[in-house]
Amino acid sequence: MRRICMLLIFFLAIRPGATFAQTDTLSLTLSKAESLFLKHNYDLLASNYEIDQAKAEIITAKLFENPTLEYENLFYNHETKKFFQTSYAYGQYAGSISQLFKLAGKRNKNIKLAQTGVKLAEYEYFDLLRTLKFELVNTFYKTYFSVQSVKVYEEQISSTNQLLKAYDHQLKMGNVATKDVIRIKSLLINLKAEQAGLLNDLEDHYKDLKLLCGLDANISLSLTVDQADFKNGLVDKIPYSSLLDSARANRADLKLAKTDLLYNERNLKLQKAMAIPDIEIGLSYDLKGNYPEKYTGLGIKIPIPLFSRNQGEIKKAQVSIAAADMNIKKQEAIFENEVFNSYKTALRNEKLYAEIDPAFSTDFNTLISALIKNFKARNISLIEFLDLYDAYKENTLQLNKLQFERMSTRAELNYVTGSNIFK
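Overview of the structure. The structure displayed is predicted, hence computed values, not measured ones. (Residues numbered from 1 in each chain as written. Predicted model: local features only at pLDDT ≥ 70, side-chain atom pairs only at ≥ 80, totals over all residues. Heavy atoms only, no water.)

**Considering the overall build of the chain**
Helix and strand content of the chain: ten helices and eight strands. The C-alpha radius of gyration of the chain comes to 38 Å, more than 25% above the 22 Å expected for a compact globule of 423 residues. In terms of overall dimensions, the chain has a C-alpha envelope of 130 × 80 × 35 Å along the principal axes. For the chain, the residues scored as buried account for 35% of the 423 residues in total. Of the accessible surface of the chain, which amounts to about 26,500 Å², a share of 57% is contributed by carbon and sulfur atoms. Of the side-chain charges in the chain, 55 are positive and 50 negative, and the distance between the mean point of each set is 2 Å. (Helix = DSSP H or I, 4+ residues; strand = E, 2+ residues; numbered from the N terminus. Rg over C-alpha atoms; globule rule 2.2 N^0.38 Å. Buried < 20%, exposed > 50% of the residue type's maximum accessible area, 1.4 Å probe, protein only. Areas by Shrake-Rupley, 256 points an atom, 1.4 Å probe, with all protein chains shown as cover. Lys, Arg positive; Asp, Glu negative; His and termini not counted. Charge placed at Lys NZ, Arg CZ, Asp CG, Glu CD.)

**What to know about the environment of G197**
Relative to the assigned elements, G197 resides in helix 5 (residues 178-213). Placed 200 residues apart in sequence, G197 and L397 show a C-alpha to C-alpha distance of 14 Å.

**Let's talk about the sheet that holds strand 8 (residues 295-301)**
Here four strands make up an open sheet; going across it, the order is 2-5-7-8 and the pairing antiparallel. Pairing within the sheet leaves two strands with one partner each, and these edge strands are strand 2 (68-73) and strand 8. Averaged over neighbouring strand pairs, the angle between their axes works out to 15° when direction is ignored. Pairing geometry for strand 5 (residues 93-101) and strand 7 (residues 279-286), over eight bridges, is antiparallel. Across the sheet, the residue bridging to F101 is I279, located in strand 7. (Pairing = 2+ DSSP bridges. Axes fitted to C-alpha atoms, helices over the stretch in contact; angles between N-to-C directions.)

**With respect to the packing of aromatic side chains**
A full pass over the atoms with the stated rule returns eleven aromatic pairs. With a centroid separation of 6.2 Å and 35° between ring planes, the pair formed by Y93 and Y285 is classed as tilted. Residue Y93 is located in strand 5, and its partner Y285 is located in strand 7; the two are separated by 192 residues in the primary sequence. On the accessibility criterion, Y93 (23% relative accessible area) is partly exposed. With centroids separated by 5.5 Å and ring planes inclined at 70°, the aromatic side chains of Y125 and F126 adopt a geometry described as edge-to-face. (Phe/Tyr/Trp six-rings, centres within 6.5 Å; stacked < 30°, edge-to-face > 60°.)

**Section: the side chain of K393**
With respect to the helices, strands and loops of the structure, K393 is situated in helix 10 (residues 382-417). A polar side-chain atom of K393 sits 2.9 Å from a polar atom in the side chain of E194. (Polar contact = N/O pair within 3.5 Å; in protein donor to acceptor, adjacent residues only side chain to side chain.)

**Quick look at the nonpolar core**
Counting residues in hydrophobic clusters, the biggest one holds 80 residues, and the most contacted among them are L28, F140, Y141, Y167, L221 and L413. Other than its neighbours up to four places away in sequence, L413 contacts V235, L243, S342, Y343, A346 and F422. (Core = buried A, V, L, I, M, F, W, Y, C linked by side-chain atoms within 4.5 Å. Contact = heavy atoms within 4.5 Å.)

**As for the pairing of strand 2**
Buried residues are scarce in strand 2, accounting for zero of its six residues. Of the strand pairs in this sheet, strand 2 and strand 5 are connected by six bridges, and their pairing is antiparallel. Bridge pairing in strand 5 links N73 to Y93.

**So, helix 3 (residues 42-62)**
Because each turn of an α-helix spans 3.6 residues, side chains separated by three or four positions end up pointing in the same direction. The first and last C-alpha atoms of helix 3 sit 31 Å apart over 21 residues, in line with the 30 Å expected at 1.5 Å per residue. Those residues of helix 3 lying buried are L44, S47, I51, A54, I58 and A61. When helix 3 is viewed along its axis, its buried side chains cluster within an angular range of 75° and face the same direction. When the buried face of helix 3 is taken as reference, the exposed residues oriented beyond 90 degrees from it are Y42, Y49, Q53, I59 and T60. If you check the start of helix 3, you find a side-chain oxygen 3.1 Å away from the backbone N of D43, and it comes from N41. (Expected span 1.5 Å × (residues − 1). Arc of directions from axis to C-beta.)

**Structural notes on unusual backbone geometry**
Cis geometry marks the peptide bond from Y291 to P292; its omega dihedral reads -5°. You will see that F84, though not glycine, has its phi angle at about 50°, which is positive. Its location among the elements puts F84 in the loop between strand 4 (82-83) and strand 5. Even without a glycine there, the phi angle at A104 is positive, about 60°. By secondary structure assignment, the location of A104 is in the loop between strand 5 and helix 4 (106-172).

**A few points about the pattern of salt bridges**
In a structure, side chains of opposite charge can pair up when their charged atoms sit close to one another. Counted by the stated rule, this structure contains 18 salt bridges. Between D127 and R130 there is a salt bridge, with its nearest N and O atoms 2.9 Å apart. In this pair, D127 and R130 are both assigned in helix 4, three residues apart and thus about one turn of the helix distant. On the basis of relative accessibility, which here comes to 11%, the residue R130 falls in the buried class. R251 is the partner of E338 in a salt bridge, and the nearest nitrogen-oxygen pair spans 2.7 Å. Highlighted residues: E338 in helix 8 (residues 311-354) and R251 in the loop between helix 6 (240-250) and helix 7 (252-274), separated in sequence by 87 residues. When its relative accessible area of 2% is taken as the criterion, R251 is described as buried. Taken together, the shared-partner salt bridges connect D127, R130, R251, D253 and E338 into one network. (Salt bridge = Lys/Arg side-chain N within 4 Å of Asp/Glu carboxyl O.)

Rendered as structure tokens:
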């Protein structure tokens, strides 16, 4: 009998579906998420490599041209019927070495252009960092408040299930009407459907957050926030002009546009220098193929710029400067509009939140508890109870939405100014 029990235990232990994948739970604050983001975000890491690539261009620009070595030997002597002879009596060979020298400061201009290219790559990195950090903060708070909204549905579904069981029991006893049970069942179905939609969105938020932080897909996240973050930082105390100044001084996309103009200006100087021919100087030696024998010569080679004077590349560089200058004006218009819009939105959200009584949520929870007691005591009808219960749900969801929008617009102010006004 004991052996049979052991076999049954062993069978239950190894049967398919008896084990489940273990998932780790990571408690995540916003500061910890930002730390993981800076270390593990794939887009930032890839952008860092692009900076290294740009720095490698400086190494290339600093290099001098390689000298050219040329050698020629008699292949076949038909008189002696021998190959590759090099002796003075029967052979012949010639050799030369030459070096190209770039004129008009082309090398230095190439170095400066490559250095500006590094600045472009760095500002592209910082602009990407600015954009992704805003996405991170926005996604973090969106996820957090979605979890709070899911909890509202969990509480309502649990209490509605209990209510349904009680009404089913009363229906069997003939104390309530069938329509009331159907109404409760309909409410329960609606709550579960709304919760399912919210859970689907929440899973997408978790996915985005994990990708931004470079976390494994099987990690379960538990988000925590400091409640003090929801109270500090009064937007209306910050002058609009200081926001504009901060954006003008710190926004990486504006710096990128200005550096792009500098890049094109330096490229124009390089292209004008390219119109000036380079010079090649060489030394040569010829055993017997020249006069006198054992000839040693010094040569200079320089192209004559009769037709091509790099006109096309110079014109392209000039057009690029005009386009870069226009792009700066565009970026200035963009950040001014973005700062204005974000500031007005933040003020509106803060004003709306300030108009809500801090005790309103607590009072409403107390009201709901009293509502449930009154309903059980048959002091109010089922329809009144369901209406007020739905109002409780909508109130809580709206508060969560307003809290998210407040934190989102604060993050947006950081984004549009390129600074950390709200930490």
